[in-house]
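Listed below, chain by chain, are the residues.
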Amino acid sequence: MNALLTITRREFAGYFSTPLAFVFIIVFLLANGLATFYLGAYFAIGQADLTSFFMFHPWLYLFFLPAISMRLWAEERRNGSIELLLTLPVSLSAIVVGKYLAALGFSTLALLLTFPVWLTVNYLGEPDNGVILASYLGSILLAGGYLAIGSCLSALTRNQVIAFVISVVACFLFTVSGAPLVLELFQSWAPQALVETLASFSLLTHFRAITTGVIDARDVMFFATLIGVFLTATVIVVDMKKGEGA
Amino acid sequence: MGKIFVIPATDSMIEIDRLVKKFGDFTAVNDLSFSVESGQVMGFLGPNGAGKSTTMKMITGFLRPTSGTARIMGLDICEAPLAAQTHLGYLPEGAPAWPDMTPRAFLEFIIRIRGLDKIAARTALGRAIDMTELYGVLDQPIDTLSKGFRRRVGLAQAIVHDPDVLIMDEPTDGLDPNQKFQVRRAIEEMSEHKAIVISTHILEEVDAICSQAMIIDRGEIVAEGTPSQLAARSRYHGAVTLTLDTALKTKAAEALADLAGIHMEVTTRGDETSLHVFAASDGLEPSALLAQVRERMSAQAIAPRALALETGRLDDVFGELTRKARPPAPRYEETSA
């Protein structure tokens, strides 16, 4: 546990050792603002809630989070430090989880810095802050899902660009499978059960469910399982590479 | 009934047991076995691609062997990697580190993750910094450091927890002669209670710090022994080398010509000429040969610049053993279906 947190601390501090972290946070906040106020027409709707803020998160995360997760393993492999890391007396799962938590912590920090939006909505009206809190939790879980997928794919390659691209594609598939556009495509011919299964694999479906303000155990379980599966896959991939010597 | 005593099979701190590593069809390490005891510094020699780094990666648990294993302090690196790794210090090839960190933060991270307690941590940090002379650069990001300092940061990382076993892949690569000297001195200072393996292709280094040496080529051991034992396998072993003014070359050669059972090789570099006098295997003893050469020189009133009995040359042995006829590389042929 101690070793895990030591890894997390080092990784987390690593984000701030270059201007990259600040650039990332600023661009993320700008993109969030643009999406909310421009695409989401926040003011025009005239409702005191943050629906138009949270609805874009799956699509923003799709590009922002693979940019964080791509370096998790690919960079270690590239600069050789993976050899150092994997020969320390620390279990592989502690390293995988430690690195993952640092990435999640960083993305959570970026998310929390959107608090002016929350202040604004409370200034303008009387929103249901319970729903907003649930939505923030949902957003963190969503980020957790994307980052777990990205962690696994980053472990496959030493090239960060490749890690980024395949992570975007994978996250896109896991998101779009719940988008109305895709589901309608299936609804006309496929049995309802299939459509529902497909939708249930989507991060979008579960995220939307939470942003309504209802934290259903099944939605939380979905994210927990997804994260667990992909972190386990990360451990397996890194361990496999030990045998290959790549 | 008497008590049953369990006698450990060996008191080696490092035990390499029939290590094999294959990458596809290519065998990088082929059935390697050796052991290193406390106080020994094993020099791992071989041309590039001989399997030195691959072997070290397996010993430290970074690569999984195709078969065989390594034991560190009796702990199997494949079966109990974490226990074995607590006894290990490892400097990987190229001394990788996290470029954004400062040496101080980097070493503190290693100390924390290796679970040293507070008091031990403070002395450990001071000692490692002392040995590698990192004072001046402790708070500069590692990627702004010179190659020599980066190597020393890697070295500090490997020794900070005072491990029983040290594995170092080319610890002096890229250092200037002074830094090389410092690193060698640091290794010597530590070697008393440790088992150390270093890989190198600098032969003088083996002479300077290794108590044992091993030459590997294409994944197999081709020679092992103490550095002087290895050097003795050189054809120069027991030869007499006479260095003199080039002008005196002919006179000296004539003076030695009638010595029974010898042959000579002459190398001339500018105004200096070296005569290597080899005795036939059933001929003169090396010391007798030296005496004979000295006697004849003084008889002819030739004053040599140097006259020495050769103990053997490691580079000669190295070249001899690793340049042996390799099977011709398979020629690439275009095949049409």
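Everything numeric here is computed off the predicted structure, so don't read it as measured data. (Residues numbered from 1 in each chain as written. Chains lettered and ligands numbered in written order. Predicted model: local features only at pLDDT ≥ 70, side-chain atom pairs only at ≥ 80, totals over all residues. Heavy atoms only, no water.)

Summing up its helical and strand segments, chain A has 15 helices and zero strands in all. Relative to a compact globule of 246 residues, whose C-alpha radius of gyration would be 18 Å, chain A shows 19 Å and is just as compact. Based on the C-alpha atoms only, the size of chain A along its principal axes is roughly 55 × 45 × 30 Å. Out of the 246 residues belonging to chain A, those deemed buried represent 51%. (Helix = DSSP H or I, 4+ residues; strand = E, 2+ residues; numbered from the N terminus. Rg over C-alpha atoms; globule rule 2.2 N^0.38 Å. Buried < 20%, exposed > 50% of the residue type's maximum accessible area, 1.4 Å probe, protein only.)

Residues and elements named next belong to chain B. Burial of strand β11 (residues 240-245) is extensive: five of the six residues sit out of reach of the surface. As defined by bridge partners, β11 adjoins strand β13 (residues 272-279) across six bridges and the pair is classed as antiparallel. In the strand pairing of β13, Thr243 is matched with Ser274. (Pairing = 2+ DSSP bridges.)

On to the nonpolar core. With 145 residues, the main nonpolar core has Ile14, Phe34, Phe106 and Ile167 of chain B as its most contacted residues. Examining the composition of this core, we find that 11 residues originate from one element, helix α8 (residues 92-112) of chain A, more than from any other. Every residue in contact with Phe106 of chain B, bar those within four places of it in the chain, is listed here: Leu84 of chain A together with Pro96, Ala97, Trp98, Met101, Ile142, Val153 and Gln157 of chain B. Residues Ile262, Leu289, Met297 and Ile302 of chain B belong to the second largest nonpolar core, which totals 15 residues. (Core = buried A, V, L, I, M, F, W, Y, C linked by side-chain atoms within 4.5 Å. Contact = heavy atoms within 4.5 Å.)

Another point: the pattern of salt bridges. Residues and elements named next belong to chain B. Counted by the stated rule, this structure contains 21 salt bridges over all chains. Between Arg104 and Asp139 there is a salt bridge, with its nearest N and O atoms 2.9 Å apart. In this pair, Arg104 is assigned in helix α3 (residues 103-113) and Asp139 in the loop between α4 (118-132) and α5 (147-159), connecting sequence segments 35 residues apart. On the basis of relative accessibility, which here comes to 52%, the residue Asp139 falls in the exposed class. In this structure, the salt-bridge partner of Glu205 is Arg184, at a minimum N-O distance of 3.0 Å. Here Arg184 lies in helix α6 (residues 177-190) and Glu205 lies in helix α7 (residues 203-209), a separation of 21 residues in the sequence. (Salt bridge = Lys/Arg side-chain N within 4 Å of Asp/Glu carboxyl O.)

Take the packing of helix α1 (residues 2-15) of chain A against α3 of chain B next. Here α1 of chain A crosses α3 of chain B at 165°, and the two axes come no closer than 9 Å. Put simply, α1 of chain A runs roughly antiparallel to α3 of chain B. Crossing angle aside, the handedness with which α1 of chain A passes α3 of chain B is left-handed. Taken together, the residues of α3 of chain B that come into contact with α1 of chain A (itself represented by Ala3, Thr6, Ile7, Arg9 and Arg10 of chain A) are Phe109, Arg112 and Ile113 of chain B. (Axes fitted to C-alpha atoms, helices over the stretch in contact; angles between N-to-C directions. Parallel < 35°, antiparallel > 145°, perpendicular 65-115°, else oblique. Left-handed = near helix turned anticlockwise from the far one by under 90°.)

What follows concerns the packing of α3 of chain B against α4 of chain B. Residue and element names in this part refer to chain B. Following both chains from N to C, one finds α3 and α4 inclined at 135°, their axes separated by 11 Å at the closest point. Here α3 is positioned oblique relative to α4, judged by the angle of their axes. Like other packed secondary-structure pairs, α3 and α4 cross with a definite hand, here right-handed. Facing α3, whose interface residues are Leu107, Glu108 and Ile111, α4 presents Ala121, Ala124, Leu125 and Ile129. Per-class residue counts for the contact of α3 with α4 are six nonpolar, no polar and one charged. (Nonpolar A, V, L, I, M, F, W, Y, C, P; charged D, E, K, R; others polar.)

Of the residues lining the interface, 27 residues belong to chain A; the matching set on chain B comes to 26 residues. In total, about 2500 Å² of surface goes out of reach between chain A and chain B, with carbon and sulfur atoms giving 64% of it. Here chain A is connected to chain B by two salt bridges. Of the charged contacts, one joins Arg64 of chain B and Asp239 of chain A as a salt bridge, the two residues approaching to 2.8 Å between their closest N and O atoms. Across the chain A-chain B interface, the total number found is nine residue pairs in polar contact (both at pLDDT 80 or more). (Buried area = accessible area lost by both parts, 1.4 Å probe. Polar contact = N/O pair within 3.5 Å; in protein donor to acceptor, adjacent residues only side chain to side chain.)

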